[in-house]
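Examination of the molecular architecture
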Amino acid sequence: LEEQKGIKYLIRAMPCILKNVPGTVCLVAGEGSKRKDLENEALKLGISDSVIFIGVRRDMMEIVQVMDVYVLPSIWEGLPLVILEAMAMKKPIVATAVGGTPTAIKDGETGKLVVPENEAALSEAIIMLLRDKKRARQLGENAYKYYNEKFTVKKMLEGYESLYGINI
């Protein structure tokens, strides 16, 4: 839970999300230097019952499985493995269009991309997917197909073989 991950924007998006989709719960996984600040932000906004900090977990695959939407509000990133994991699990994804994320998430096709540091854009995309289950399911399916076409270990090895002209 560091500045780079942009979690404060997700927390700031929650009041709007809760207004439009009451009962929504935001799970925040991980630890870091900003955890106390983020907890205080949720408290200040009066949404601490709806934002649950679950810490570092070894069962993230099980946790992601029960999520309706996977959100990565990073301010900067490389190509985050968590996006690929969520794609492999057919999860609809909302992520910021930073770093390598647009390599995996094609806006409106394999997920929703939003501008970074913008809680209004985050809330709009999340609300849309929470309300439109059919659209969310379709994005998850598309993400899964794209993951299998481009990001499996086999596909990545083939890419390295092609790039370097070798057989692994």
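Residues numbered from 1 in each chain as written. Predicted model: local features only at pLDDT ≥ 70, side-chain atom pairs only at ≥ 80, totals over all residues. Heavy atoms only, no water.

1. Here's the deal with the overall build of the protein
Formally: Only DSSP runs of H or I with at least four residues qualify as helices, and only runs of E with at least two residues qualify as strands; both kinds are numbered from the N terminus onward. Restricting the calculation to C-alpha atoms gives the radius of gyration, and the globule rule supplies 2.2 Å times the number of residues raised to the power 0.38. Exposure is judged per residue with a 1.4 Å probe applied to protein chains only, and the accessible area is read against the type maximum: over 50% gives exposed, under 20% gives buried, and values in between give partly exposed. Note that His is not counted, nor are the chain ends; the positive residues are Lys and Arg, and the negative ones are Asp and Glu. By convention, the charge on Lys lies at NZ, on Arg at CZ, on Asp at CG and on Glu at CD.
On a plain count of helices and strands, the protein comes out with eight helices and five strands. Ordered by position from N to C terminus, the α and β elements of the protein give α-β-α-β-α-β-α-β-α-β-α-α-α. What you see for the protein is a C-alpha radius of gyration of 16 Å, in line with the 15 Å of a compact globule of 168 residues. In terms of overall dimensions, the protein has a C-alpha envelope of 55 × 35 × 30 Å along the principal axes. Across the 168 residues in the protein, those meeting the buried criterion constitute 44%. Of the side chains in the protein, 23 bear a positive and 22 a negative charge, and the two mean positions are spaced by 4 Å.

2. Description of the sheet that holds strand E5 (residues 112-114)
Applied cut-off: Following DSSP output, two strands are said to pair if at least two bridges run between them. With axes taken as lines fitted to C-alpha atoms, and helix axes fitted only over the stretch in contact, angles between N-to-C directions fall between 0 and 180 degrees. We call two residues in contact whenever any of their non-hydrogen atoms come within 4.5 Å of each other.
Taken together, three strands build an open sheet; the order of strands is E3-E4-E5 and the sheet is parallel. Both outer strands of the open sheet, strand E3 (70-72) and E5, are each paired with one neighbouring strand and no more. Geometrically, the sheet is characterised by an average inter-axis angle of 15 degrees between neighbouring strands, direction not taken into account. Summarising the sheet, strand E4 (residues 93-96) and E5 pair through three bridges and their orientation is parallel. Residue pairing across strands places Val 94 opposite Lys 112, the latter belonging to E5. Helix-sheet contacts for helix H6 (residues 119-131) involve E3, E4 and E5, and the interaxial angle to E5 is about 165 degrees.

3. Remarks on the pairing of E4
Selection rule: A clockwise course of the path from the first strand over the helix to the second, judged with the strands pointing away from the viewer, identifies a crossover as right-handed.
Side chains Ile 93 and Ala 95 project from E4 onto one buried face, and the interleaved Val 94 and Thr 96 project onto a second face that is buried too. Two strands pair when backbone bridges link them, and E3 and E4 are joined in this way by three bridges, in the parallel orientation. Its bridge partner being in E4, Leu 72 is matched across the sheet by Ala 95. In this view, the connection linking E3 to its parallel neighbour E4 by way of helix H4 (residues 81-88) has right-handed handedness.

4. Let's talk about the nonpolar core
One recurring pattern in soluble globular proteins is that nonpolar side chains are buried together. Filter applied, for reference: Residues belong to one nonpolar core when they are buried, are Ala, Val, Leu, Ile, Met, Phe, Trp, Tyr or Cys, and are joined through side-chain atoms within 4.5 Å.
One finds Ile 11, Val 51, Val 94, Leu 122 and Ile 126 to be the most contacted residues of the largest nonpolar core, which totals 31 residues. Those elements that provide at least two residues to this core are helix H1 (7-20), strand E1 (26-29), helix H2 (35-44), strand E2 (51-55), H6 and helix H7 (133-150). A total of eight residues in this core trace back to one element, the largest contributor, which is H1. Aside from chain neighbours lying at most four places away, what touches Leu 122 is Tyr 9, Leu 10, Ala 13, Val 71, Pro 73, Val 94 and Val 114. With 20 residues, the next largest nonpolar core counts Ile 54, Leu 84, Tyr 146 and Phe 151 among its residues.

5. Points about the environment of Arg 57
With respect to the secondary-structure elements, Arg 57 resides in the loop between E2 and helix H3 (60-65). On the basis of relative accessibility, which here comes to 35%, the residue Arg 57 falls in the partly exposed class. Sequence-wise, Arg 57 and Asp 68 are 11 residues apart; in three dimensions their C-alpha atoms are separated by 19 Å.

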